[in-house]
Amino acid sequence: MDATALLTEEVRELVRRGAVDPAVEPEAVRSLVAAAVAEYEDRSLTSGLPPLLDRRGTAGAVWDAVAGFGPLQRYLDDPEVEEIWINDPGKVFVARRGRSELTTTILAPGQVADLVERMLRSSGRRLDVSQPFVDALLPDGSRLHVVIPDITRRHWAVNIRKFLVRASSLDELVGLGTLTHACARFLDAAVVSGLNILVAGGTQAGKTTMLGCLVGAVPARERVVSCEEVFELRLPSPDWVAMQTRQPSLEGTGEVRLRRLVVEALRMRPDRIIVGEVRSAEALDLLLALNSGLPGMCTLHANSAREAVVKLCTLPLLAGENISSSFVIPTVASAVDLVVHLRKHADGQRRVTEVLALPGRVEGEVIEAASVFGTVGGRLVRAEGYPPHADRFADAGYDVRRLLADEPVGPGV
């Protein structure tokens, strides 16, 4: 064993004897590490112990092993790393600025399971043969997803999506190149006016960040209630209640699904309801809430804005055989006002590609839609469409035609 491994074992024993909880008393652990390193350095000079070559580096490695998440901690601390994933102990990947890279980190056999166990310790969630998937939140706000064999072929599959607050407002998204000033100004007015907005896009397209920035435009006087699988949103609203789902217990009881959260949210006097991601039958409960006059927003996986509308017309059918498309399609048309679609490009940049308006009309089984903003030549430009509910814009102090008239319509849009 080298000096780092020996010191790690010594500090772990000190933590155990002193009944110190690293998550609650990190400074106490730092003191133990510093004292142990200093004492080891003295002992190594007069004994056959492995030499301490880098005192600061060794102290950091011991801290990571005892109070952090071992070899993964440096990636969690790196502000440029967006996501970390493990395919097998010898294949640890990270994503920086939207691009993935294989790291030089190689984990020992069994180390992945040990790290996951430590990560789940503070979440109250479990992982075993009967529950081979888990979604959990790490103490720093990162989202952990794990799948174990025999669902995976051989190794544990681990994903850690870090919560990087790159933007908390639409103006900051403009600075990042995600959308234009004109589009941001329009979306800000749409949120203030109480329009219902669906944020769509593929995986890692920036949907949750966009949703958080849109909610940041909600007037401070409004009460916001959010429902998520796992807490991801960080909202600036002073009157905000956040709820997340819960896994069943070992006895199979106590599960709380997203549908239940949406129903319970309606009993909490919300002025806005936010659903982190719609992917199943909870779409029906959300549509019913939006159709009752309660403004709201949600995210959804889709390849385009129009595909998002089609998908939202399909998901409520999962709620039961008594739900028909003849009911769902007009409900979607009347409940959803705007669809904001994002895409992650080859350079890793996340950009808004279209803002689609639904005027509320249905022709046959097709919902009419018109682009308010679209992409031409790689640029987001004004299209010919207008949003519904000009009266709501007017009540909020906006002239929607004047708001959009300042931006010329792009060619071919």
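In case you missed it, the structure is sitting above this.
What comes next is a walk through the structure. Just so it is clear, the model here is predicted, and its values are computed rather than measured. (Residues numbered from 1 in each chain as written. Predicted model: local features only at pLDDT ≥ 70, side-chain atom pairs only at ≥ 80, totals over all residues. Heavy atoms only, no water.)

## What about the overall build of the chain?
Alright, step 1. A tally of helices and strands in the chain yields 14 helices and 17 strands.
Alright, step 2. Dimensions of the chain along its principal axes, counting C-alpha atoms only, are 85 × 50 × 40 Å.
Alright, step 3. Residues classed as buried in the chain amount to 47% of the 413 residues present.
Alright, step 4. Counting only carbon and sulfur atoms, one obtains 51% of the accessible surface of the chain, whose full area is about 20,100 Å².
Alright, step 5. Computed over 47 positive and 54 negative side-chain charges, the inter-centroid distance for the chain is 2 Å. (Helix = DSSP H or I, 4+ residues; strand = E, 2+ residues; numbered from the N terminus. Buried < 20%, exposed > 50% of the residue type's maximum accessible area, 1.4 Å probe, protein only. Areas by Shrake-Rupley, 256 points an atom, 1.4 Å probe, with all protein chains shown as cover. Lys, Arg positive; Asp, Glu negative; His and termini not counted. Charge placed at Lys NZ, Arg CZ, Asp CG, Glu CD.)

## Side note on the pairing of strand 8 (residues 224-228)
Alright, step 1. The element strand 8 is extensively covered by neighbouring structure, given that five of its five residues are classed as buried.
Alright, step 2. Of the two faces of strand 8, the one holding Val224, Ser226 and Glu228 and the one holding Val225 and Cys227 are both buried throughout.
Alright, step 3. Summarising the sheet, strand 8 and strand 10 (residues 272-275) pair through four bridges and their orientation is parallel. Within strand 10, the position partnered with valine 224 by the bridge is arginine 272. (Pairing = 2+ DSSP bridges.)

## Some points on the nonpolar core
One broad rule of soluble globular proteins: the nonpolar side chains tend to lie buried together.
Alright, step 1. Ranked by internal contacts, the top residues of the largest apolar core, which has 42 residues, are Phe186, Leu187 and Val355.
Alright, step 2. Among the elements of the structure, helix 6 (170-176), helix 7 (181-192), strand 7 (197-201), helix 8 (207-215), strand 12 (338-344), strand 13 (350-357), strand 16 (370-376) and helix 14 (400-405) are those that each provide at least two residues to this core.
Alright, step 3. A per-element tally of this core places helix 7 first, with eight residues.
Alright, step 4. Not counting residues within four places of it along the chain, the set of residues in contact with phenylalanine 186 comprises Leu338, Val355, Val372, Phe373, Pro387, Phe393, Leu403 and Leu404.
Alright, step 5. With 39 residues, the next largest nonpolar core counts Val262, Leu287, Cys298 and Val339 among its residues. (Core = buried A, V, L, I, M, F, W, Y, C linked by side-chain atoms within 4.5 Å. Contact = heavy atoms within 4.5 Å.)

## Structural notes on the sheet that holds strand 16
Paired through backbone hydrogen bonds, the strands of a sheet run either parallel or antiparallel to each other.
Alright, step 1. Spatial ordering of the open sheet is given by 9-8-10-11-7-12-13-16-17, a layout of nine strands whose pairing is mixed. With partners counted over all chains shown, the strands left at the sheet margins are strand 9 (240-244) and strand 17 (379-382), one partner each. Looking at each pair of strands side by side, their axes are set apart by 20° on average, direction ignored.
Alright, step 2. For strand 8 and strand 9, the ladder comprises five bridges, and the chain directions are parallel. Paired with cysteine 227 across the bridge in strand 9 is methionine 243.
Alright, step 3. Lying on the sheet, helix 9 (residues 258-265) is in contact with strand 8, strand 9 and strand 10; it crosses strand 8 at an angle near 170°. (Axes fitted to C-alpha atoms, helices over the stretch in contact; angles between N-to-C directions.)

## Re helix 8
Alright, step 1. Along helix 8, seven of the nine residues are buried, which leaves the element largely enclosed by surrounding structure.
Alright, step 2. Along helix 8, the positions that sit buried rather than exposed are Lys207, Met210, Leu211, Gly212, Cys213, Leu214 and Val215.

## Brief notes about the packing of aromatic side chains
Alright, step 1. Evaluation of the coordinates by the stated rule reveals three aromatic pairs.
Alright, step 2. A centroid spacing of 6.0 Å and a plane angle of 45° characterise the contact between phenylalanine 186 and phenylalanine 373, whose relative ring orientation is tilted. Placement of the pair is phenylalanine 186 in helix 7 and phenylalanine 373 in strand 16, with a sequence separation of 187 residues.
Alright, step 3. Taking the centre distance of 6.2 Å and the plane angle of 20° together, the rings of phenylalanine 186 and phenylalanine 393 count as stacked. On the criterion of sequence distance, the pair formed by phenylalanine 186 in helix 7 and phenylalanine 393 in helix 13 (residues 390-395) is long-range, its members being 207 residues apart. When sorted by exposure, phenylalanine 186 lands in the same class as phenylalanine 393, which is buried.
Alright, step 4. Over the ring of tyrosine 386 we find arginine 382; its NZ or CZ atom is 4.7 Å from the centre of that ring. (Phe/Tyr/Trp six-rings, centres within 6.5 Å; stacked < 30°, edge-to-face > 60°. Lys NZ or Arg CZ within 6 Å of the ring centre and 35° of its normal.)

## A look at the side chain of arginine 118
Alright, step 1. Positionally, arginine 118 belongs in helix 5 (residues 111-120).
Alright, step 2. Buried and unpaired, arginine 118 has aspartate 114 as its nearest opposite-charge partner, separated by 7.3 Å.
Alright, step 3. Polar contacts involving the side chain of arginine 118 include one to the main-chain carbonyl oxygen of glycine 68, which spans 2.2 Å.
Alright, step 4. Aside from chain neighbours lying at most four places away, what touches arginine 118 is Arg12, Asp64, Ala65, Val66, Gly68, Phe69 and Gly70. (Salt bridge = Lys/Arg side-chain N within 4 Å of Asp/Glu carboxyl O. Polar contact = N/O pair within 3.5 Å; in protein donor to acceptor, adjacent residues only side chain to side chain.)

## Examining the pattern of salt bridges
Alright, step 1. Applying the stated criterion across every chain, the model contains 26 salt bridges.
Alright, step 2. Among the ionic pairs, aspartate 128 bridges to arginine 126, the shortest N-O distance being 2.7 Å.
Alright, step 3. Assessed through its relative accessible area of 23%, aspartate 128 is described here as partly exposed.
Alright, step 4. For aspartate 285, the salt bridge goes to arginine 259, with nearest N and O atoms at 2.6 Å. Residue aspartate 285 is found in helix 10 (residues 282-291), and its partner arginine 259 is found in helix 9; the two are separated by 26 residues along the sequence.
Alright, step 5. For arginine 259, a relative accessible area of 31% translates into the label partly exposed.
Alright, step 6. One network of salt bridges, in which partners are shared, links Glu10, Glu39 and Arg43.

## Examining empty space enclosed by the protein
Alright, step 1. One pass over the structure, following the stated rule, counts one cavity of 30 Å³ or more.
Alright, step 2. Of the voids in this model, the largest cavity is the one considered here, and its volume is about 70 Å³.
Alright, step 3. Leu286, Leu290, Cys298, Leu312 and Val336 are, among the 13 residues lining the largest cavity, the residues nearest its centre.
Alright, step 4. Sorting the residues of the lining of the largest cavity by element identifies strand 7, helix 10 and strand 11 (296-301) as the ones contributing at least two each.
Alright, step 5. With four residues, helix 10 is the largest single contributor of residues to the lining of the largest cavity.
Alright, step 6. When the residues that make up the lining of the largest cavity are grouped by side-chain class, the tally is 11 nonpolar, two polar and no charged. (1 Å grid on protein atoms, 1.4 Å probe; cavity = no way out; pocket = protein on both sides within 12 Å on 5 of 7 lines; lining within 4 Å. Points joined across faces, edges and corners; volume = space filled by probe spheres on them. Nonpolar A, V, L, I, M, F, W, Y, C, P; charged D, E, K, R; others polar.)

## Notes on the environment of alanine 305
Alright, step 1. With respect to the secondary-structure elements, alanine 305 resides in helix 11 (residues 305-314).
Alright, step 2. Classification of alanine 305 as buried rests on a relative accessible area of 1%.
Alright, step 3. For the pair alanine 305 and alanine 200, spaced 105 residues apart in sequence, the C-alpha to C-alpha distance is 6.5 Å.
Alright, step 4. Beyond its immediate sequence surroundings of up to four residues, alanine 305 is in contact with Val339, His341, Glu354 and Leu356.

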